[in-house]
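Summary of structural features
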Amino acid sequence: MKKKVIIDCDVGVDDALALIQAFHAAELEVMAVTGVNGNVPIEKVMINIEKVLSLLQAPYQPMIARGADRPLQESLVHTPSVHGEDGLGRAEIKRREGAEWWQTWPGPADGLLTRMARQYPNELTLIAIGPLTNLALGLRKDAEGMNKLREVVIMGGAVRTRGNITPYAEFNFFIDPLAAAKVLESGLPITLVPLDVTHQVFLNAQIIEERVRPINNSLSQFVIDATGYNPVNHQFRGGSKTFYLHDPLAVGAVIDPDLMSKEKLALHVETEGGKRYGQVRELTAGKGPQSLEVCLRANKEKFLEIFLSSLEG
Ligand code: RIB
Ligand code: CA
């Protein structure tokens, strides 16, 4: 039986790689893709979702829905340095006019999340790989519906490691810490995939040259273009020697949960302004609204093979 999933994303490059992995996983059926403001503004996120679905030409038409264009708390910050101005780097993908590789939901994304959770009670896994604004809106409007989700896998937070947008905060939680706080204290069956574990999985020059480039198809070329890999200096966009696979690892945790070593932790998200805005803090065990499963280690070799095999189509 395939796992039914919805992916809530802010397509940027690693979100795009996560979509490719999810649609090519025999274990998953991607029912819907919802967009949220994050790496780039929502208009670009929705264009990028359509571009990736055009590239993928999935054998079935997933529903897509446009979500929040701003966080619950105003702080519009985007990341062109990592994802490029358009959110997909140099990758040239034509959004296929006419050949619709998706169906468009007429309402907001949060309404699609709760409607599908009610349509498939205790069957649907929500994979959230952007800021959690859509999930918080879903909880505000129909908490009962959201609680029919089987599992919620979230890429976000930095628990026992430095942040990546500030020294304290991870990007998805920094963009909308109020939404993150509401989701984490909601009682939803959450599995968190924080930077602590996503920093263990990455592409580098050796993987690109020895494992990605030889695949030699449109998906492998997309990885090279979208990450801005430069074969001369062996660097990715922004001058980094590694490209972290944050969002693909969250999908990996659904494809094969045994990839992950987890701990039950009670967490707090800092929503007050100041230098620790968006920071995740561990609460003394037993305190805090609820404990959630936090992935702290991954079988990175096994995950990398899962990711690379998804590029072979
Ligand atoms: O901190 C990494 C996360 O922020 C990833 O989801 C990336 O796409 C950005 O949204
Ligand atoms: Ca993302």
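What counts, and where the lines are drawn
- Residues numbered from 1 in each chain as written.
- Chains lettered and ligands numbered in written order.
- Predicted model: local features only at pLDDT ≥ 70, side-chain atom pairs only at ≥ 80, totals over all residues.
- Heavy atoms only, no water.
- Helix = DSSP H or I, 4+ residues; strand = E, 2+ residues; numbered from the N terminus.
- Rg over C-alpha atoms; globule rule 2.2 N^0.38 Å.
- Buried < 20%, exposed > 50% of the residue type's maximum accessible area, 1.4 Å probe, protein only.
- Contact = heavy atoms within 4.5 Å.
- Areas by Shrake-Rupley, 256 points an atom, 1.4 Å probe, with all protein chains shown as cover.
- Lys, Arg positive; Asp, Glu negative; His and termini not counted.
- Charge placed at Lys NZ, Arg CZ, Asp CG, Glu CD.
- Axes fitted to C-alpha atoms, helices over the stretch in contact; angles between N-to-C directions.
- Parallel < 35°, antiparallel > 145°, perpendicular 65-115°, else oblique.
- Left-handed = near helix turned anticlockwise from the far one by under 90°.
- Nonpolar A, V, L, I, M, F, W, Y, C, P; charged D, E, K, R; others polar.
- Donors = N, O, S within 2.8 Å, 3.2 Å for Na, K, Ca; no water.
- Expected span 1.5 Å × (residues − 1).
- Bend = angle between axes of the 7 residues up to and from the residue.

A closer look at the overall build of the chain
Secondary structure summary: the chain contains 12 helices and 12 strands in total. For the chain, the C-alpha radius of gyration of 18 Å lies close to 20 Å, the compact-globule estimate for 313 residues. In terms of overall dimensions, the chain has C-alpha extents of about 50 × 40 × 35 Å along its principal axes. Residues classed as buried in the chain amount to 58% of the 313 residues present. Across the chain, contacts joining residues at least 24 apart in sequence account for 82% of those joining residues at least 6 apart. Accessible area for the chain stands at about 12,600 Å²; split by element, carbon and sulfur atoms hold 49% of it. Computed over 33 positive and 38 negative side-chain charges, the inter-centroid distance for the chain is 2 Å.

As for the packing of helix H1 (residues 13-23) against helix H2 (residues 42-56)
Think of two packed helices as two axes; the pair is described by the angle between the axes and how far apart they sit. Viewed as axis vectors pointing N to C, H1 and H2 meet at an angle of 40 degrees, and their least axial separation amounts to 10 Å. Our classification of the angle between H1 and H2 gives oblique. Considering how the two elements wind past one another, H1 and H2 form a crossing that is right-handed. From H1, Ala16, Leu19, Ile20 and Phe23 reach across to H2, where they touch Val52, Leu53, Leu55 and Leu56. Residues that form the contact of H1 with H2 fall into these classes: 8 nonpolar, no polar and no charged.

Some remarks on the coordination of the calcium ion (ligand 2)
At 2.2 to 2.6 Å from the calcium ion (ligand 2) lie its protein donor atoms, namely Asp10 (OD), Asp15 (OD), Asp15 (OD), Ile129 (O) and Asp247 (OD). In primary sequence terms, the donor set of the calcium ion (ligand 2) follows D-x4-D-x113-I-x117-D. Neither Asp10 nor Asp15 differs from the other in exposure class; each is buried.

Details of helix H5 (residues 133-146)
Over its 14 residues, H5 runs only 14 Å from end to end, short of the ideal 20 Å by more than 12%, given 1.5 Å per residue. At Arg140, H5 shows its maximal kink, close to 85 degrees. Counting buried positions over the 14 residues of H5 gives 10, a clear majority of the element. When we look at burial in H5, the residues that qualify are Thr133, Asn134, Leu135, Ala136, Leu137, Gly138, Leu139, Asp142, Gly145 and Met146.

What about the packing of helix H11 (residues 246-255) against helix H12 (residues 300-310)?
Two elements in contact, H11 and H12, have axes whose closest approach is 10 Å; the angle formed by their N-to-C orientations is 100 degrees. Comparing the axis directions of H11 and H12 gives the class roughly perpendicular. Seen from H11, the contacting residues are Pro248, Leu249, Gly252 and Ile255; seen from H12, they are Phe303, Ile306 and Phe307. Residues that form the contact of H11 with H12 fall into these classes: 6 nonpolar, 1 polar and no charged.

What about unusual backbone geometry?
A positive phi angle is found at Gln57, which is not glycine, with a value near 50 degrees. When you line up the elements, Gln57 lands in the loop between H2 and strand S3 (63-66). With phi around 60 degrees, Asn122 is a residue other than glycine that occupies positive phi space. Along the chain, Asn122 falls in the loop between helix H4 (109-119) and strand S5 (124-128).

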